[in-house]
Amino acid sequence: MRQADARARLRRRPATGGGGRPVAGGAGSRGQGPAPFPDPLAVGREADAAQQRARRGSLLDVVRVAIALLDEQGRVMLWSQAAEELVGWPSDALVGRGLDILFDDDAELTKQVHEAIAGVLRDGESWVGTVVLRHHDGHGVRLECRLSLLENGDGVPYLLCRLADAAALGDVEQGLAVQDALFEQSPLGLAIFDRELRYVRVNETLARMNGLPVADHLGRTTGETLPQLAADEVMAIQRQVLATGEPVIDLTVTSADPSEPGYRSASYSRLQDRAGNVLGLTGMVMDVTDRYRAVARVERARQRLALLNEVGSRIGDLLDGELIAQELAEALVPRLADHAGVALLEAVVDGADLPRHRQTRLARLVMSGTAAIDPGPDAETMQTPGGQITMTEGSLFARVMQSGLPEQLDASAQLDDTAAQGDPRVRAAYRLGVHSLLVVPLRARGIVLGLLVLDRAGRREGFDQDDVAFASELADRAGASLDNARLYARERAAALMLQRSLLPQSLAQPPGMEVGYRYVPGSSGTEVGGDWFDVIPLPQGRTALVVGDVMGHGLRAAATMGRLRTAVRTLAGLDLPPDRLLQHVHDLADDLAQGPEEALIATCVYAVYDPATRALHLAKAGHTEPLLITPAEAAAPAETAAPRGDAARSGDARKTDDARKTDGGRMALTGGTAHVLALPSGAPLGVGGVPFELTELTVPEGSLLALYTDGLVESRTEDIDVGTRRLSAVLELPHASVEDACEAVVRTLDQGQEPDDVALLLARLGGVPGPAAERQVEWTLCAEPSAPALARRRVRATLREWGLEPLLDTAELLVSELVTNAVRYASAPIGLRLLQGTTLVVEVADPLPDPPREREAAGTDEGGRGLQLVHRLAYRWGTRAEGGGKVVWFEQTLPDGPGR
């Protein structure tokens, strides 16, 4: 009977009637008849098959559920295979027997189970509890048990018993609890997606982040719940993760809710069951706005520190205001602004004194530096590079100039405040899309030197307070550099003015020569130096050419150069040979120096040219080698006299003097028609220890002599010989004039030479139209008392013969005085020479080396007035050393000649 009932049609009793007994429900309660009661063995087999299928990779592999069917007395009617595996008892051993065999004589458990069976049969409500059943091997198995009431079509009740491992079930319940808590309480946004990337589950946190309720997410994709820009990126990532299985971790995206801008960190991984079947995706979204902004602030601070250091390195060593302005503007675009302009006061650009009164609209600003992220006509119109900025009273620029405080405009509509109405610069700013403007004062020592103007355009964020503070720091540093540049420019201008005032203001063209010169101050990174040049007329139509260089820079070097040039010019009046003149200047070095602790060190080359004989005498003191460019058809310059001076060498020594002379007695020449005059160097003035030596050359007609300082040929990257060859190549080219040659040489300074001062003196050496002396006579007189009278007679006769009677009286008087002085102090013969050229030159030579000294004679003195008469009556006079003695000479102007 029980077996037949077990095989009868059963149905679950869903509810109870008024008496607590289970009543028919489901389909049967709707009048369709009782539900068929399945065969208990089939039910067991179906349950076991389902469990086997689940074992292939489902939750039932973790929590296995065993099924048993009991009658009203608690006897086993059906025992599934899962139950056999769980408890170890085979169905053959249990079917038809009570459950007491599994209680291991536990009276309390037996009582509890029987009461539970009775309660389910009575009330129809399921019972759930934990039981410990005896395993077939003898140990206890703790199981979770659930009893439910079943009835067949005849109303016979049965009990469905479901057993599960309590420990595994507890783990699952704990995991589910954790999952529920994680979804409901987690501050992170969590979501589960199916294989179609539709939301299956989503927590409130993520719903708030997306700005939609939870219900609006379920069944929809991310593309249907997020704004377009965010959805496209997220959907692409989700498809990639679903396809590849590689998780994406910490992907930063912008906020999906426009009302709460920020940043989100999204992580996605593929969801799989235990068998490896893909179920969908899991997603975790975290609000990282604060973290992102903190990192952004740190990165922004790092970038700004780098920009600050870069600006400091770019302008820190500059001493040119306009160059500083341009470097500053270029450094800030595009890293801080889309357009940058630096407007400076004219006093800053020119190196003048700053105004001490408060800046007003009358202050004139020059746009000295500009930069644009996209250069073009509009940017150039807005910034006006090199143009002047006119400020109106109360305008933005005027307010910043007056207050010295930065100001900011946050809307394009406010741009009209920067200039007069209708200004084309404002219209250009509108076309460029400028929406944020920052004007920062460039200050130094509390004085506003100009303005730093920055703007941003397009979709770029406007300036904030951090930008204002940073731009102010930049402007303060730039202001200090600009003020240093202004002070340097002022000092340099003063030094240049001093130096130029000490240099020749104009040079007369000497007879038989064409002279050109250039002085180029050092670049803005170098102070003025002590370079100088001079052209000094000498008696008998000769000319002295001088170029020198005082070591050092600045006002001290310029002042020393002035004293040195004055000393050379004064000694040149004594008509000394170049080597002896340099020796005398060297002897004065201590007196010409700035002080006892600052020795004078200077280089110099001194040359004397006689156009009548084309003789060139040179000596140098540690200076760069002169260049002599001879015409292509002319012979090389011939050395006409051996070097002589205080350290004259023997003839044998001169033959082997450093191979500077060949066996024919000529100077060693280098390359083409440009010859480097390898003169005996001599030590620089003020150093001593090396004698100065004289070199005498006879130069071809039309030769070009180049004297220059080392700044013309020296370079850190090249040997000085490279610069000398470059200079030679330029001077070898044909030029229309000496001035054109000077210009061509100066242009070579753009080829990398040092930013040092340059002094250049070029002289085309030629002859005079006729002989230097159209007439010339000379006599030798004995040192006797009758010599003055004889000298007067010969001078008188000669001048009458030459038709120079107007000069007779003065010439006789002055010759008489000079010859009388020579007879008084000399015992050797006396030389007398008359030369007529552009002037009348009278020379008296005697063997005494000491030059005559002019003195003031008292009223009762019978003599002592000779040199006074010469000084008063002669056009020019002087003395020069010659051989072991001296020559005293004077000049008289011819009728209608110079001085008349």
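Residues numbered from 1 in each chain as written. Predicted model: local features only at pLDDT ≥ 70, side-chain atom pairs only at ≥ 80, totals over all residues. Heavy atoms only, no water.

## Some remarks on the overall build of the protein
For the protein, the helix and strand inventory stands at 25 helices and 35 strands. Counting over 900 residues, the protein shows a buried share of 47%. (Helix = DSSP H or I, 4+ residues; strand = E, 2+ residues; numbered from the N terminus. Buried < 20%, exposed > 50% of the residue type's maximum accessible area, 1.4 Å probe, protein only.)

## Points about empty space enclosed by the protein
What the rule picks out here adds up to five cavities of 30 Å³ or more. Of the pockets and cavities examined, the largest cavity occupies roughly 310 Å³. What lines the largest cavity is a set of 21 residues, among which Met382, Phe397, Thr418, Leu437 and Val453 lie closest to the centre. Taken together, the elements giving at least two residues each to the lining of the largest cavity come down to β14 (339-345), α13 (377-383), α15 (424-432), β18 (434-444) and β19 (447-457). Of the residues contributing to the lining of the largest cavity, the split by class is twelve nonpolar, six polar and three charged. The volume enclosed by the second largest cavity comes to roughly 190 Å³. (1 Å grid on protein atoms, 1.4 Å probe; cavity = no way out; pocket = protein on both sides within 12 Å on 5 of 7 lines; lining within 4 Å. Points joined across faces, edges and corners; volume = space filled by probe spheres on them. Nonpolar A, V, L, I, M, F, W, Y, C, P; charged D, E, K, R; others polar.)

## With respect to the nonpolar core
Counting 62 residues, the largest nonpolar core has Leu332, Leu442, Leu452 and Leu454 as the members making the most contacts within it. Among the elements that make up this core, the one with the highest residue count is helix α16 (residues 465-502) (eight residues). Leu507, Val547, Leu571 and Ala621 belong to the second-largest nonpolar core, a separate cluster that totals 55 residues. (Core = buried A, V, L, I, M, F, W, Y, C linked by side-chain atoms within 4.5 Å.)

## Remarks on the sheet that holds strand β35 (residues 885-893)
Strand order in the open sheet made by the five strands is β31-β32-β33-β35-β34, with antiparallel pairing throughout. Where the open sheet ends on each side, the last strands, each with one partner, are β31 (775-781) and β34 (876-882). Averaged over all adjacent pairs, the angle separating strand axes in this sheet is 15°, with direction ignored. The pairing of strand β33 (residues 839-846) with β35 spans eight bridges and is classified as antiparallel. Looking at β35, one finds that Val844 is bridged to Val888. In the packing of helix α24 (residues 808-825) onto the sheet, contacts are made with β31, β32 (830-836), β33 and β35, and the angle to β35 comes to roughly 170°. (Pairing = 2+ DSSP bridges. Axes fitted to C-alpha atoms, helices over the stretch in contact; angles between N-to-C directions. Contact = heavy atoms within 4.5 Å.)

## Examining helix α23 (residues 787-802)
If you check α23, its first and last C-alpha atoms are 22 Å apart, about what 16 residues at 1.5 Å a residue would give, namely 22 Å. The complete set of buried residues in α23 reads Ala787, Pro788, Ala791, Val795, Thr798, Leu799 and Trp802. Buried residues along α23 cover an arc of 95° about the axis, so they all sit on one side. Elements that come into contact with the buried residues of α23 comprise β31, α24, β32 and β33. Once α23 ends, the next one or two residues include Gly803, with phi positive near 75°. (Expected span 1.5 Å × (residues − 1). Arc of directions from axis to C-beta.)

## Some details on the packing of aromatic side chains
Enumeration over the complete set of coordinates arrives at four aromatic pairs. Taking 4.6 Å as the distance between ring centres and 40° as the angle between the ring planes, the aromatic pair formed by Phe193 and Tyr199 counts as tilted. For Phe193, a relative accessible area of 2% puts it in the buried group. Seen in terms of ring centroids, Phe193 and Tyr268 are 6.4 Å apart; in terms of plane orientation they differ by 55°. Their pairing is tilted. You can see Phe193 sitting in strand β9 (residues 189-193) and its partner Tyr268 sitting in strand β12 (residues 263-272), a full 75 residues away along the chain. Here Phe193 and Tyr268 have matching classes, each one buried. (Phe/Tyr/Trp six-rings, centres within 6.5 Å; stacked < 30°, edge-to-face > 60°.)

## Topic: the pattern of salt bridges
Side-chain pairing between opposite charges can occur once the charged atoms of the two side chains come close. Applying the stated criterion across every chain, the model contains 34 salt bridges. For Arg314, the salt bridge is made with Glu310, and the minimal N-O distance between the two is 3.2 Å. Residue Arg314 and its partner Glu310 are located together in helix α10 (residues 289-315), separated by four residues, close to a single helical turn. Judged by its relative accessible area of 26%, Arg314 is partly exposed. Salt bridges sharing common partners tie together Arg300, Arg304, Arg456, Asp464 and Asp467. (Salt bridge = Lys/Arg side-chain N within 4 Å of Asp/Glu carboxyl O.)

## A word on the state of the cysteines
For the structure on display, the rule yields zero disulfides. Cys161 takes part in no disulfide bond, and the closest cysteine sulfur to it belongs to Cys145, at a distance of 3.7 Å. (Disulfide = S-S within 2.5 Å.)

## Notes on the side chain of Thr225
Along the polypeptide, Thr225 turns up in helix α8 (residues 222-225). Since its relative accessible area comes to 7%, Thr225 is described here as buried. For Thr225, the contacting residues outside a window of four places in its chain are Tyr199, Leu212, Asp216, His217 and Arg220.

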